[in-house]
Amino acid sequence: GLAAGSHTVSAAYTSSNGYASSSSQTGQLVVSQAPSSVALSASPSPGVQGKPETLMATVSGAGQPSGIVVFTSGSSTLCTSSLNSSGVATCTYTATTSGTFAITAQYQGDTNHLAASTGLSLSVYDTAITLQFASTQLTYPGATNITVCVAGATSATPTGTIQIDDGTTVLKTISVQGGGCGYWYISPGLSAGSHSITAIYSGDANNPAGSSAPTVLTVSPVPVKMSVSCWNASFPYGGNYQCTVSLSSNAGSAQGSITYSLDGGSPIAVPISNGNAQFTITTPSAGNHSVVIA
């Protein structure tokens with residue numbers, strides 16, 4: 001096929017066998033650049049601080065795209081690499097810090113192909129920083145011992161501080177003690193659910209700052225004991241049916257609400273106050289009834 005751009009096309013007619021004399025016409029044919037797309041991958045993923053990271057961009061389009069790909073991280077250019085015969089460009093660089101980085105591969109286009117770009121989010125961790133937990137399966141309020149150790153880059157024992165994060169929330173900042181380790185017992189306890197815990201080391205004159213790989217702690221809801229006391233279980237029509245629900249747990253008074261339903265009807269919520277919830281069913285109809293409390 002024709003390359004992208006403007007092309008002059010001529011058509012000529014030559015007379016024969018007594019037909020009219022010869023003639024010709026000239027026109028312009030414009031071929032537009034074809035669209036292209038970029039796929040980007042990183043290996044290893046997540047990356048390791050201080051170790052080589054390889055980025056690979058694969059450019060697709062009509063025919064075989066050629067040209068260069070610029071790899072960037074934020075405003076910093078990591079590499080400029082040419083596409084090989086398979087439409088692949090690679091970039092190998094070393095991440096000097098930990099964190100999550102927005103990596104972009106920008107294909108610059110060529111004569112026949114439009115430019116294109118794509119990106120990915122790359123997490124980079126420092127394997128010199130390790131997190132240890134007495135347990136990663138907890139019950140609310142989730143509390144356990146945490147040990148964070150920093151392997152020194154030199155013979156000098158690491159010093160400084162370690163920040164312990166739950167996602168984007170700072171839980172505690174502790175000092176690095178003897179042996180390059182810091183210690184903490186989680187307090188206050190974590191809420192029920194999943195928590196991604198990361199340790200961020202401040203660094204010192206001999207050891208670089210960095211972040212550990214996250215460790216997931218799972219906190220299960222605390223078991224709750226429920227007792228129910230109801231009265232007027234049998235009475236003439238016109239009276240009321242009343243219940244008090246008491247709830248307790250090893251984590252103190254339960255919060256939130258209970259529900260009750262009458263004869264399979266829609267649940268009705270009742271707030272819990274100081275570990276108790278009370279409700280009254282006003283003037284139920286004559287007959288037998290079923291009350292379900294949850």
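Residues numbered from 1 in each chain as written. Predicted model: local features only at pLDDT ≥ 70, side-chain atom pairs only at ≥ 80, totals over all residues. Heavy atoms only, no water.

A.B. asks: Sorry, what's going on with the sheet that holds strand β13 (residues 145–150) here?
C.D. replies: Sheet strands pair via backbone hydrogen bonds, and the direction of the pair is either parallel or antiparallel. Spatially, β11-β13-β16 is the arrangement adopted by the 3 strands of the open sheet, whose pairing is antiparallel. With partners counted over all chains shown, the strands left at the sheet margins are β11 (129–133) and β16 (181–185), one partner each. Neighbour-to-neighbour, the strand axes of the sheet open up by a mean angle of 15°, direction not taken into account. Sheet topology places β13 next to β16; 5 bridges connect them, and they run antiparallel. Pairing of Val148 across the sheet is with Gly182, part of β16. (Pairing = 2+ DSSP bridges. Helix = DSSP H or I, 4+ residues; strand = E, 2+ residues; numbered from the N terminus. Axes fitted to C-alpha atoms, helices over the stretch in contact; angles between N-to-C directions.)

A.B. asks: Mind showing me how you'd approach the sheet that holds strand β9 (residues 99–107) here?
C.D. replies: Taken in spatial order, the 5 strands make up an open sheet running β4-β10-β9-β6-β7, and their pairing is mixed. On the outer flanks of this sheet lie β4 (47–48) and β7 (76–82), each paired with one strand and no other. Across 2 bridges, the pairing between β4 and strand β10 (residues 116–125) is parallel. Paired with Gly47 across the strands is Val124, a residue of β10.

A.B. asks: Where do I start with the side chain of His113 in this structure?
C.D. replies: Turning to its location among the elements, His113 is positioned in the loop between β9 and β10. Filtering out sequence-adjacent residues up to four positions away, His113 remains in contact with Gln33, Ala34, Gly61, Ala62, Gln64, Pro65 and Tyr107. (Contact = heavy atoms within 4.5 Å.)

A.B. asks: What's the story with the nonpolar core in this structure? I'm lost.
C.D. replies: Across soluble globular proteins, nonpolar side chains have a tendency to be buried as a group. Val38, Leu40, Leu55, Ala57, Val69, Phe71 and Ala105 are the most contacted members of the largest nonpolar core, which totals 20 residues. One finds Leu131, Val148, Trp184 and Ile186 within the second-largest nonpolar core, a separate group that totals 19 residues. (Core = buried A, V, L, I, M, F, W, Y, C linked by side-chain atoms within 4.5 Å. Buried < 20%, exposed > 50% of the residue type's maximum accessible area, 1.4 Å probe, protein only.)

A.B. asks: Any chance you could explain the pairing of strand β14 (residues 161–166) here in plain terms?
C.D. replies: It is a general feature of regular strands that their side chains alternate between the two faces of the sheet. Relative to strand β15 (residues 169–175), β14 runs antiparallel, the two being bridged by 6 bridges. Residue pairing in the sheet places Asp166 in a bridge with Thr169 of β15. Taken together, β14 and the strand that follows it, β15, pair antiparallel across an intervening segment of 2 residues, in which Gly167 is found at a positive phi of about 65°.

A.B. asks: How should the state of the cysteines be read in this particular structure?
C.D. replies: Should the sulfur atoms of two cysteines be covalently bonded, the bond is a disulfide. Applying the stated criterion across every chain, the model contains 3 disulfides. Between the sulfur of Cys149 and that of Cys181 lies a disulfide, 2.0 Å long from S to S. Disulfide Cys149-Cys181: the torsion about the S-S bond is 105°, which places it as right-handed. Of this pair, Cys149 sits in strand β13 while Cys181 sits in strand β16, and the two are 32 residues apart along the sequence. Each member of the pair Cys149 and Cys181 is classed as buried. Residue Cys230 pairs covalently with Cys243 via a disulfide, S to S 1.9 Å. Disulfide Cys230 to Cys243: torsion about the S-S bond roughly 110°, handedness right-handed. (Disulfide = S-S within 2.5 Å.)

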